[in-house]
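In case you want the letters, here they are:
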Amino acid sequence: MLPRSSALFIFGSQQQKNLEGYVGFANLPNQVYRKSVKRGFEFTLMVVGESGLGKSTLINSLFLTDLYSPEYPGPSHRIKKTVQVEQSKVLVKEGGVQLLLTIVDTPGFGDAVDNSNCWQPVIDYIDNKFEDYLNAESRVNRRQMPDSRVQCCLYFIAPSGHGLKPLDIEFMKRLHEKVNIIPLIAKADTMTPEECQQFKRQIMREIQEHKIKIYEFPETDDEEEMKFIRKIKDRLPLAVVGSNTIIEVNGKRVRGRQYPWGVAEVENGEHCDFTILRNMLIRTHMQDLKDVTNNVHYENYRSRKLAAVTYNGVDNNKNKGLTKSPLAQMEEERRDHVAKMKKMEQEMEQVFEMKVKEKLQKLRDSEAELQRRHEQMKKNLEAQHRELEEKRRQHEDERSNWEAQQRIVEQQKLDLSRTLEKNKKKKIF
Amino acid sequence: MVTHGCLPVSLHVLACNVSSGIPELSGSSSDVAMLKSVELNKEGVSHRNPLSAAASPLAACSSPLPALLGPHSVHTSTALSSGGGCSLGPLPQTTAHRSAMAATDVDVFSNEEKRSLSLGGHVGFDSLPDQLVSKSVTQGFCFNILCVGETGIGKSTLMNTLFNTMFENEEASHYQNGVYLRPRTYDLQESNVHLKLTIVDTVGFGDQINKEDSYKPIVDYIDTQFENYLQEELKIKRSLFNYHDTRIHICLYFIAPTGHSLKSLDLVTMKKLDSKVNIIPIIAKADTISKSELHKFKIKIMSELVSNGVQIYQFPTDDETVSEINASMNAHLPFAVVGSVEEVKVGNKTVRARQYPWGVVQVENESHCDFVKLREMLIRVNMEDLREQTHARHYELYRRCKLEEMGFKDTDPDSQPFSLQETYEAKRKEFLGDLQRKEEEMRQMFVNKVKETEAELKEKERELHDKFEQLKRMHQEEKRKVEEKRRDLEEEMNAFNRKKVATETLSLSQPLKKDKDKKN
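Right, let's walk through the structure included here. For clarity, every value in this text was computed on a predicted model and none was experimentally measured.

A short note on the overall build of chain B
Summing up its helical and strand segments, chain B has 12 helices and 10 strands in all. Within chain B, the proportion of its 520 residues that are buried is 45%. Long-range pairs, those at least 24 residues apart, make up 69% of the contacts in chain B between residues at least 6 apart in sequence. Counting only carbon and sulfur atoms, one obtains 53% of the accessible surface of chain B, whose full area is about 27200 Å².

Here's what the structure looks like:
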């Protein structure tokens, strides 16, 4: 059983190791078993169908107890004006295992004259339960969360022998992505085996035609189990008979329905598929029903809900970004916004710089212009100055020349007058 | 039906299938249950009380329905005699039998009406735990161990010994700059159980001179694993059921066998870790301590832990199947262990042991060390509880702190509970408002900047203008001066000209006089 070699298989960062001796973690499943028994189990089952199809009787037969009794009448006895969705909880225990069973029924479904939208209360109920769970799961302070999500829906089909009614198709189409639907043919003892076969085939054909996804048994690796499962698949949808009475047949006491022509036994595999249903629903696949509800239907609801919240209903983001949490999404948006702002800031900065440069340039230009003009004027003035100087010099020259001349003339005159004086004096003698 | 031990799970399930048809008494447990219920009926407490809110589980099997089946008949009569109706009408419901297995968690419903019903045969949901187990086995388990201890204290050897395999490990040197964590993942299988085991080693712990920050990388690593899980949990599209859980389930803290007391590094580290992870302290290399020293050492350690408020992992005692053994083991903490992968022949057996000149220390000998106890507690009895505690306590604490840090609350200021949508929408509004505010701020800043710069430039312009004005004035002044000079010059020139003219006219008339004089 335990190989003694120490061969290694390396898968990336993981290695497969073979143990050389008993360690003991093979006991883990026992530990899990022990803890689960201590915790107890819960299961929520919904039954839907028109009144009088034997839903209550079937539930009583399935769980071998009087869930529905005169004090707690079944849905067919509680018809109100509109479709209601009601639940009742029962606690049952068997072999040390405790189960809190919630049965949800829909009195009034399909019984009115106008049944439009009679599925709406059902959809609302299921969504509400998902919502409750989502809120509980998202709280900051989480306590043990009660799980009231609907884990299985038994849909009762009237044994007309012909096919599905439009109401059946509508209901299943609207609910197959919210809950595990197990369609059942009710009151199967009104059909002969051949009629039943035909009816079943017709129903499955119509189900496929309308692309309705009913609950599917999971694949297993076990060949035995797969063979078993395939046999069950061939008999879908299951045709059931329920009974509250015990009848003696061939010395045995069995549940059955007494007719003048014989007894239809509930638990006889040749009479109906009740046993298959019970085994599948309770004994082998109850856990899987819970898992599919949790991992598929609830997750679908949750991602749709959170996507709506994150994107505020903007649809074009459907495909991208769903791998993030709303918070991460907000983080990303924040980062985008920061980047956008940075860019905007840069742009504004640029524009600003440009404008400032322009203005400065203008200033410089005018300054240069002013400077130039100032230079110009200075030059002008200097020229004028020089001109003036020149003129003055000329004038001075002229003047001094003239003055010099004048002096000469004056001197001459003086000399002349002196000479004349002299001559005059000479003449007198 | 408690120990399923080696029974492969699927067989058991098939057994249930086989017993379809008329429900038979499955084993003796139902008998016992029936007897119990019979006792109850004798007490005469058969009243129907749908509002007995604390409705606890009943003994399942007794059925007041008239003799269903052969095997039941013996007991049915007793039931009938004590008070059951044999009618098919209203069923007297046997009541309150508080079994030790009352699911505490389901009490959440205590304000809703819950009826307890008895079953009229074997329904078959007692296979639910098997279904759950079978699913878990198919999924595989994962377990993550963190080993904290000084270099060379025997962490790797102990892991090899615990899991009976040689995990690859290079010996670490003492010269690491700091503490770093080295996780390694292995796929192990035992019978049909797959275990993904991750061993995280603290390399370099206790080697530095300054060990103040030694605990930080460890705390960071643990928090990172929590963070990763939290991120996955918060994603819009998430897949938790096949998420590889890397959160640390158990921290084995290796205490050096000094024989005296805990080192301060130990206390500091454990104090930092005790609210984040389950800690089991172990005394390493216990073959260096004598029995009496060990006893004193253990007492010292435990009292130091208590006086410092360090919360180590307590093996759970609430499940009566294991409470006894767990309670006794709690008293042996911390476990003194010896690890060895070498085999030594003792007597006619080959056991794992350490060979000394003075004797052989056998790892699996309970009088030599507590290795077997550790293995028992860690792996064979409480592995699942460790995983649960990590998820339900340590992770929840981390999550709560993280969400509160991010500003999430469960109730709004009016103490009305928030729905998830409201919370997110509120957050989003806040966030958008925040962004808008930032944008406004930036714009405002720019407006201010522009105003400032405009003022500056205007100032410059004015300066320039002033300068220009000044220059102009200067220039005007100069011009005026020049003009003045020019006028002066003109005047002088004019004056000179006049003089000249005057002199010339004079000299013109004078020579006449001279001539006149001459004539005379």
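Details of the overall build of chain A
Scanning chain A from N- to C-terminus turns up nine helices and 11 strands. When each of the 429 residues of chain A is scored for burial, the buried share is 47%. Carbon and sulfur atoms form 50% of the exposed surface of chain A, whose accessible area is close to 22800 Å².

A short note on the interface of chain A and chain B
Counting residues at the interface gives 136 residues for chain A and 154 residues for chain B. Between chain A and chain B lies a buried interface of about 14700 Å² when both sides are counted; carbon and sulfur atoms form 61% of it. If you look at where chain A meets chain B, you find 15 salt bridges. Put simply, Asp318(B) and Lys38(A) hold a salt bridge, and the shortest N to O gap is 3.7 Å. Connecting chain A to chain B are 47 residue pairs in polar contact (both at pLDDT 80 or more). Residue classes in the side of chain A that touches chain B are distributed as 52 nonpolar, 42 polar and 42 charged. Judged from the three bridges that link them, strand S4 (residues 86-94) of chain A and strand S1 (residues 114-116) of chain B form a sheet pairing that is parallel. Following the sheet pairing, Val90(A) is matched in S1(B) by Arg115(B).

Some words on a negative patch on the surface
Residues and elements named next belong to chain A. On the surface, Asp221, Asp222, Glu223 and Glu224 cluster together to form a negatively charged patch. Topologically, Asp221 is positioned in the loop between helix H5 (193-209) and helix H6 (223-234). Of the residues examined, Asp221 reaches a relative accessible area of 79% and is grouped as exposed.

Thoughts on unusual backbone geometry
Here the residue pair Leu236(A) and Pro237(A) is connected by a cis peptide bond, since its omega of -10 degrees sits within 30 degrees of zero. Looking at the secondary structure, you find Pro237(A) in the loop between H6 and strand S8 (238-239). Following Leu333(B), the chain continues to Pro334(B) via a peptide bond in cis, the omega torsion being -10 degrees. Secondary-structure assignment places Pro334(B) in the loop between helix H9 (323-330) and strand S7 (335-336). Unlike most non-glycine residues, Lys187(A) shows phi in positive territory, near 45 degrees.

Side note on a positive patch on the surface
Residue and element names in this part refer to chain A. Taken together, Lys227, Arg230, Lys231 and Lys233 make up a surface patch of like positive charges. For Lys231, the position within the fold is in helix H6. Taking relative accessible area as the criterion, Lys231 reaches 57% and is therefore assigned exposed.

With respect to the environment of His271(A)
Residue and element names in this part refer to chain A. Take His271: it is sitting in the loop between strand S11 (262-265) and helix H7 (274-284). For His271, a relative accessible area of 36% gives the class partly exposed. Through-space distance from the C-alpha of His271 to that of Ala239 is 9.3 Å; in sequence the pair is 32 residues apart. In this structure, His271 is in contact with Val263, Ala264 and Glu265, ignoring residues within four places of it in sequence. A polar atom in the side chain of His271 sits 2.9 Å from the backbone nitrogen of Glu265.

Re the packing of aromatic side chains
Following the criterion strictly, the structure yields 19 aromatic pairs over all chains and no others. Here the aromatic rings of Tyr215(A) and Phe217(A) are separated by 5.8 Å at their centres, their planes lie at 65 degrees, and the arrangement is edge-to-face. Accessibility expressed as a relative area gives 6% for Tyr215(A), which makes it buried. Judged by its relative accessible area of 3%, Phe217(A) falls in the buried class. Each ring, one from Phe226(B) and one from Tyr398(B), has its centre 5.4 Å from the other, and the planes form 35 degrees; the classification is tilted. One end of the pair, Phe226(B), is in helix H6 (residues 215-234); the other, Tyr398(B), is in helix H11 (residues 383-405), and 172 residues separate them in sequence. One exposure class covers both Phe226(B) and Tyr398(B), and it is buried. Grouping aromatic residues by their ring pairs yields a cluster made of Phe226(B), Tyr229(B), Tyr243(B), Tyr395(B) and Tyr398(B). When the ring centre of Tyr395(B) is taken as origin, the NZ or CZ atom of Arg247(B), which lies over that ring, is 4.8 Å away.

A short note on the nonpolar core
By size, the foremost hydrophobic cluster in this structure holds 181 residues, and its most contacted members are Leu154(A), Leu281(A) and Ile280(B). Of all the elements, H6(B) adds the most residues to this core, at nine residues. Counting residues in hydrophobic clusters, the runner-up holds five residues, among them Leu363(A), Leu457(B), Leu464(B) and Phe468(B).

What counts as what
Residues numbered from 1 in each chain as written. Chains lettered and ligands numbered in written order. Predicted model: local features only at pLDDT ≥ 70, side-chain atom pairs only at ≥ 80, totals over all residues. Heavy atoms only, no water. Helix = DSSP H or I, 4+ residues; strand = E, 2+ residues; numbered from the N terminus. Buried < 20%, exposed > 50% of the residue type's maximum accessible area, 1.4 Å probe, protein only. Contact = heavy atoms within 4.5 Å. Areas by Shrake-Rupley, 256 points an atom, 1.4 Å probe, with all protein chains shown as cover. Buried area = accessible area lost by both parts, 1.4 Å probe. Salt bridge = Lys/Arg side-chain N within 4 Å of Asp/Glu carboxyl O. Polar contact = N/O pair within 3.5 Å; in protein donor to acceptor, adjacent residues only side chain to side chain. Nonpolar A, V, L, I, M, F, W, Y, C, P; charged D, E, K, R; others polar. Pairing = 2+ DSSP bridges. Patch = residues over 30% accessible without salt bridge, like charges linked within 9 Å, V, L, I, M, F, W, Y side chains within 5 Å. Lys, Arg positive; Asp, Glu negative; His and termini not counted. Charge placed at Lys NZ, Arg CZ, Asp CG, Glu CD. Phe/Tyr/Trp six-rings, centres within 6.5 Å; stacked < 30°, edge-to-face > 60°. Lys NZ or Arg CZ within 6 Å of the ring centre and 35° of its normal. Core = buried A, V, L, I, M, F, W, Y, C linked by side-chain atoms within 4.5 Å.

Purely geometric numbers; function is a separate question.
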